[in-house]
Amino acid sequence: MEMPLRRRVICLFLFAVWVQLNVLLCVLLQAMTTMGFAVLSVVLLLIISLVFRVSDAIRPLKEGPMIDAEGREYKTVSLEDSSRPTHDGKTTVQVECTEVSMIIFIQADFYNNGRLVSPQELFLGDAKYWKNKPCQAVDAGDGEYVIEADLQDCGSKLMVIGNNLIYSNNLIHSPVVGSLGITRATGAVVPVSCHYKRVHTVSSTVQQHPPSVSISSEFPMGSAPFSLRLKTDDWSAEKYSNTVYLGDPLHLEVSYSGLDQRKLFIDLCVATLTADSTSVPRYCFIENHGCFVDARDGGLNSVFKPRSTTSSLQFQFDAFLFQDDLRNTIYVTCEVKATRQLWRSSPTNKVCNYINSSWKNVDGLDGVCQCCKGVCSKLTSKDDICDTLTLGPFIVIPRK
């Protein structure tokens, strides 16, 4: 095969340079033996000048036009060609994090290419959650779609890194296939997440108050004589964090602060995944007018504490999760009452622990707890003050 013209030119040029260098080296050796220092310096300058001229000559040969075997010139171009069209870099997905939810705003021009996607093509989480309404995008107007879902919904995953709680999920674009079985766009997956500090309640803003708020269902806001609070492990103060590891005890206190003297009792307490106490799944751990049945059903630390005052009750139970449900929030709802019967216990006014396979009343008279084995009387005094309190959410973190 004939050598290309450009390569032949370079070879001839390098051969001429080699000849000149040999001549100069001979002159240099002769100068070292027969001539003085001044002549030696001149020869060295000539050699240096030749080297620079060679490098300058090779550069245009390397970067200049390519010459093929037929003498045609051409030049290579970098793949990063500035003439290519580029996107303007506009963000088409934005995430807003609230105390209990993740809100995703999506531009209809999802790919920044002028082709609008449909809200029916946008989902949060894997395909098995796409039939859930909160996991689907809806049209918010002005070329924007929105998805609002609870932090634990749509297959969201929780990670704990140091003092940070991170809820992560994927925004999915799944293009609709046309009636002829064709599609004009490829799918996309956009990771989205919400980050929170464990020292505060789950929120995108700093909290100045206890993270878990007791909500009364019977009295106007701020006027309820009852309260349900999360306490520290030694019961000395209110706890300002609602995160707990799976299996660790939760310490709760119910109080009555009315003007008249009454004795507080807890009729029922139920745990749910949402603030709706009737939602499913649900777990009733105190029932039958004060029977702490969770201790009977495997709750090793489930117990009413001895009373410090007649107007309050303290109890604890181990944090748990619902089987086969990815959500890790727990709400506690308790039905409470305050009665004028300060000293006498009854099947409807009792505080019963399950200890060593038997029922014991915190206020004495263990006999009133025997109905915990069946159904206790549902009769209550019309003079009782009753309320339903909800506390949460508690964020239950599985141990590694």
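Our subject is the structure that appears above.
Residues numbered from 1 in each chain as written. Predicted model: local features only at pLDDT ≥ 70, side-chain atom pairs only at ≥ 80, totals over all residues. Heavy atoms only, no water.

Trainee: Before we go on, may I ask you to explain the overall build of the protein chain in this structure?
Mentor: On a plain count of helices and strands, the protein chain comes out with three helices and 22 strands. Counting across all 400 residues of the protein chain, residues that qualify as buried make up 38%. Partitioning the intrachain contacts of the protein chain with sequence separation of at least 6 by distance along the chain shows that 64% fall at a separation of at least 24. Counting every atom, the protein chain has about 23600 Å² of accessible surface; 57% of that belongs to carbon and sulfur. (Helix = DSSP H or I, 4+ residues; strand = E, 2+ residues; numbered from the N terminus. Buried < 20%, exposed > 50% of the residue type's maximum accessible area, 1.4 Å probe, protein only. Contact = heavy atoms within 4.5 Å. Areas by Shrake-Rupley, 256 points an atom, 1.4 Å probe, with all protein chains shown as cover.)

Trainee: Looking at this model, I keep getting lost on the nonpolar core. Mind explaining?
Mentor: Within soluble globular proteins, side chains that are nonpolar tend to cluster in buried spots. The biggest cluster of nonpolar side chains holds 34 residues, and the ones touching the most others in it are Leu252, Ile266, Phe285, Phe315, Phe317 and Ile330. Those elements that place two or more of their residues in this core are β12 (226-231), β14 (249-256), β15 (263-272), β16 (282-286), β18 (312-318), β19 (329-339) and β22 (385-397). Ignoring any residue separated from it by four or fewer positions in sequence, one finds Leu252 in contact with Leu228, Arg229, Leu230, Lys231, Trp235, Leu313, Gln314, Phe315, Phe317, Val332, Leu391 and Phe394. Counting 27 residues, the second largest nonpolar core, distinct from the first, contains Met102, Ile104, Ala137 and Val192. (Core = buried A, V, L, I, M, F, W, Y, C linked by side-chain atoms within 4.5 Å.)

Trainee: Got a minute to help me understand the pattern of salt bridges in this structure?
Mentor: Note on pairing: side chains with opposite charge can pair once their charged atoms come close. Counted under the stated rule, the structure contains 10 salt bridges. In this structure, the salt-bridge partner of Arg340 is Asp260, at a minimum N-O distance of 3.7 Å. Within this pair, whereas Arg340 is found in the loop between β19 and β20 (352-355), its partner Asp260 is found in the loop between β14 and β15, the two being separated by 80 residues in sequence. Given the relative accessible area of 46%, Arg340 is considered partly exposed. Owing to a relative accessible area of 26%, Asp260 belongs among the partly exposed residues under this scheme. (Salt bridge = Lys/Arg side-chain N within 4 Å of Asp/Glu carboxyl O.)

Trainee: Can you help me understand the sheet that holds β14 in this one?
Mentor: Pairing between the strands of a sheet comes from backbone hydrogen bonds, and it takes one of two forms, parallel or antiparallel. The strand order across the open sheet formed by four strands is β12-β14-β18-β17, and the pairing between neighbours is antiparallel. Across the chains shown, the open sheet's two edge strands, defined by having one partner strand only, are β12 and β17 (303-304). (Pairing = 2+ DSSP bridges.)

Trainee: So what exactly am I meant to see when it comes to the state of the cysteines here?
Mentor: Formally, a disulfide is one covalent bond, and it connects the sulfur atom of one cysteine to the sulfur atom of another. The full count for this structure, using the stated rule, is six disulfides. Disulfide partner of Cys352: Cys369, at an S-S distance of 2.0 Å. Negative torsions about the S-S bond denote left-handed disulfides, and the value of about -85° found for Cys352 with Cys369 makes this one left-handed. Taken together, the positions of Cys352 in strand β20 and Cys369 in the loop between β21 (358-361) and β22 put the pair 17 residues apart, joining distant regions of the chain. Linked covalently through their sulfurs, Cys371 and Cys376 form a disulfide whose S-S length is 2.0 Å. Its S-S torsion of about 90° marks the bond between Cys371 and Cys376 as right-handed, since a negative value means left-handed. There is no split in this pair, since Cys371 and Cys376 are both buried. There is no disulfide at Cys284, and the cysteine sulfur nearest it, in Cys269, is 7.9 Å away. (Disulfide = S-S within 2.5 Å.)

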